[in-house]
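# Coordinate analysis (summary)
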Amino acid sequence: MSRWVEETFHPHWRVRLEADEVLHEVKTEHQDLVIFKNQTWGTVLMLDGVCQLTTKDEFIYHEMMAHVPLMAIDKPKRVLVVGGGDGGVLREVLKHPSIEKAMLCEIDRTVIDTALKYYPEIPGDSFDDERTVVVIADGLKFVAETDERFDAIIVDSSEPIGPSAVLHTREFFADCKHALTDGGILITQNGLPFLFPEHLGDTTRAFASLFDNVAPYFCTQPCYFGGPFALNWASDDDEHLELSEKKLAKRQIRRGVETRYWTPGVHNASFALPGYAETVVAKAVGEGRAQNGSKKGRAKKGKGD
């Protein structure tokens, strides 16, 4: 008899995935984790009733988290990934030959060990790369206390519930800004804005109160059921958001970065938001600017605006 694993994140509807083979399962009072094989999705990680990743489509999210900011920077050298213990974002960051140091701060070493054991194709050899530095620490505390500066900080955290909630606060984002080089870029995830617009709004408001430019962008992540998946960008540099497809294409060729989802066209098009999201973003940007009494800066608009 087949076992079906149910995603319980949404209160009024459910999605179930067939578990052809359960590879690992942990149930405690603190977490409910199951890793299993599925004919459509490959290896699936479900944590507390939420689909976290599948080996079928993980490249989409990881490419868009890494290449959108790094392709915008002329020669990115130092990158911090907060969370992301599966190694997917780290793998994509290391594709850029100018990278001298890719630091990954993960609170739980078992997240890395689990990836290496059950879905090693995601990190590949990224943890063995000489440019990789792994720090096992609380990301909130590490960012607040570090003296290092990074060209990009990529926050690959889970949803803003439970322990991960602190990585979605203005205080944390302010510490991230302090840890960026001048004009550095901060990236985080904002979930499914069609179903949870407050997540996109809260981050955009915080970004707008801290940075000159805030620019949410979308990707299509098939295993995250509920519409387009939102990421968010913050920086004080205007030029990063003005790169043409031609210039991005030249950078990709020069760097030899191979991708399956990210393209120069997708890069620029991802910032064009549907109306329901633009409404949330515009309101949040206005509120964020009001918090710091500034009218400076803007949200990224679609091409031609």
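See the structure shown above.
Let me begin by describing the structure that accompanies this report. (Residues numbered from 1 in each chain as written. Predicted model: local features only at pLDDT ≥ 70, side-chain atom pairs only at ≥ 80, totals over all residues. Heavy atoms only, no water.)

## Focus: the overall build of the protein
Within the protein one finds nine helices and 15 strands. In terms of overall dimensions, the protein is globule-like: its C-alpha atoms have a radius of gyration of 19 Å, near the 19 Å expected for 305 residues. Taken along the three principal axes of its C-alpha coordinates, the protein extends 60 × 45 × 40 Å. Looking at the 305 residues of the protein, the share that counts as buried comes to 52%. (Helix = DSSP H or I, 4+ residues; strand = E, 2+ residues; numbered from the N terminus. Rg over C-alpha atoms; globule rule 2.2 N^0.38 Å. Buried < 20%, exposed > 50% of the residue type's maximum accessible area, 1.4 Å probe, protein only.)

## Examining the packing of helix H6 (residues 197–210) against helix H9 (residues 275–291)
Following both chains from N to C, one finds H6 and H9 inclined at 35°, their axes separated by 7 Å at the closest point. Considering only the axes of H6 and H9, their crossing is right-handed. In this structure, H6 uses Pro197, Leu200, Gly201, Thr204, Arg205, Ala208 and Ser209 to contact H9, whose residues at the interface are Ala277, Val280, Val281, Ala284, Val285, Glu287, Gly288, Arg289 and Gln291. Looking at the contact of H6 with H9 residue by residue, the class counts come to eight nonpolar, five polar and three charged. (Axes fitted to C-alpha atoms, helices over the stretch in contact; angles between N-to-C directions. Left-handed = near helix turned anticlockwise from the far one by under 90°. Contact = heavy atoms within 4.5 Å. Nonpolar A, V, L, I, M, F, W, Y, C, P; charged D, E, K, R; others polar.)

## Here's the deal with the nonpolar core
In this structure, Leu17, Phe36, Val79, Val93, Tyr217, Leu231 and Trp233 are the most contacted members of the largest nonpolar core, which totals 52 residues. Top element by residues in this core is helix H1 (residues 58–72). It accounts for 10 residues. (Core = buried A, V, L, I, M, F, W, Y, C linked by side-chain atoms within 4.5 Å.)

## With respect to the environment of Val166
By secondary structure assignment, the location of Val166 is in the loop between strand S10 (150–156) and helix H5 (170–178). C-alpha separation for the pair Val166 and Gly139, spaced 27 residues apart in sequence, amounts to 9.4 Å. Setting aside residues no more than four positions away along its own chain, Val166 makes contact with Leu140 and Phe172.

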